[in-house]
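Here are the chains, one letter per residue:
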Amino acid sequence: MKKLFLFFVALTALAWALWPAKSGAQESGYVVIVNSSNATSTLTRDQVSDFLLKKKGKWQSGSAVKPADLDSQSPVRAAMSKAIHGRSVASIKNYWQRQIFSGRDVPPPEMPSDARMVAFVAGSPGGIGYVSSGARLNGVKAVEISE
């Protein structure tokens, strides 16, 4: 009986480990958004990171990417930064300081709220940003995040 119990525990653990993770990062408390005219519906974490860090400046269509960040004190930004960049907000701020000091680039504008982020992305054809998972997405669309 003990062997049967251990077998089911192991089988359950294996099933849990192999269960596909939900995309869109809603479990982390944020959703990546793009302008509603953007044909993109799925991005990888690396693509989102590259767009937000301005390492890539064009969408597949050839149009310019216009990223925005939430305020550096935002818990949504902290969750997104850890999940997408694999780094803390402070580390990302240091990255931008190096970019500014070297004359390479300046950080994306910081939005003080979900509503302002949605308005920015909705008003920018190449816009990309992120908001809390409960935010109203008027004029923008959420994109699925794949590995």
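Because the structure is a prediction, the values reported are computed rather than measured.

Undergrad: What's the story with the packing of helix 3 (residues 75-85) against helix 4 (residues 89-101) in this structure? I'm lost.
TA: Any two packed helices are characterised by the angle at which their axes cross and by the distance between the axes. At their nearest, the axes of helix 3 and helix 4 sit 9 Å apart, and the two run at 75° to each other. Here helix 3 lies roughly perpendicular to helix 4, going by the angle between them. Here Arg-77, Ala-78, Ser-81 and His-85 of helix 3 lie close against helix 4, whose contacting residues are Val-89, Ile-92 and Lys-93. Of the residues belonging to the contact of helix 3 with helix 4, the class tally is three nonpolar, two polar and two charged.

Undergrad: Where do I start with helix 2 (residues 45-52) in this structure?
TA: Within the span of helix 2, buried status applies to Val-48, Ser-49, Asp-50, Phe-51 and Leu-52. Just past helix 2, the residue Lys-54 takes up positive phi, approximately 60°.

Undergrad: Where do I start with the pattern of salt bridges in this structure?
TA: Any two side chains of opposite charge can pair, so long as their charged atoms come close to each other. Evaluated as defined, the whole model comprises six salt bridges. The shortest N-O distance in the salt bridge between Glu-147 and Arg-45 comes to 3.0 Å. One end of the pair, Glu-147, is in the segment after strand 8 (144-146); the other, Arg-45, is in helix 2, with 102 residues separating them in the sequence. A relative accessible area of 23% places Arg-45 in the partly exposed class. Here the salt bridges share partners, and the residues they tie into one network are Asp-69, Arg-77, Lys-93 and Glu-110.

Undergrad: So what exactly am I meant to see when it comes to the nonpolar core here?
TA: The tendency in soluble globular proteins is for nonpolar side chains to be buried side by side. One finds Val-32, Ile-33, Leu-43, Val-48, Trp-59, Met-117 and Ile-128 to be the most contacted residues of the largest nonpolar core, which totals 27 residues. Elements supplying a minimum of two residues to this core: strand 1 (30-35), helix 2, helix 3, helix 5 (114-122) and strand 6 (127-132). Here the element with the most residues in this core is strand 1; it accounts for five residues.

Undergrad: Help me out: how do you make sense of unusual backbone geometry in this one?
TA: If a residue is not glycine, its phi is most likely negative; likewise, a peptide bond is most likely trans. A positive phi angle is found at Lys-54, which is not glycine, with a value near 60°. Relative to the helices and strands, Lys-54 resides in the loop between helix 2 and strand 3 (66-67). Using a relative accessible area of 29% as the deciding quantity, one classes Lys-54 as partly exposed.

Undergrad: Where do I start with the packing of helix 2 against helix 3 in this structure?
TA: As a packed pair, helix 2 and helix 3 sit with axes 9 Å apart at the nearest point and diverge in direction by 120°. Here helix 2 is positioned oblique relative to helix 3, judged by the angle of their axes. Contacts between helix 2 and helix 3 pair Arg-45, Val-48, Ser-49 and Leu-52 from the former with Met-80, Ala-83, Ile-84 and His-85 from the latter. Its residues placed into classes, the contact of helix 2 with helix 3 shows five nonpolar, two polar and one charged.

Definitions and cut-offs
Residues numbered from 1 in each chain as written. Predicted model: local features only at pLDDT ≥ 70, side-chain atom pairs only at ≥ 80, totals over all residues. Heavy atoms only, no water. Axes fitted to C-alpha atoms, helices over the stretch in contact; angles between N-to-C directions. Helix = DSSP H or I, 4+ residues; strand = E, 2+ residues; numbered from the N terminus. Parallel < 35°, antiparallel > 145°, perpendicular 65-115°, else oblique. Contact = heavy atoms within 4.5 Å. Nonpolar A, V, L, I, M, F, W, Y, C, P; charged D, E, K, R; others polar. Buried < 20%, exposed > 50% of the residue type's maximum accessible area, 1.4 Å probe, protein only. Salt bridge = Lys/Arg side-chain N within 4 Å of Asp/Glu carboxyl O. Core = buried A, V, L, I, M, F, W, Y, C linked by side-chain atoms within 4.5 Å.

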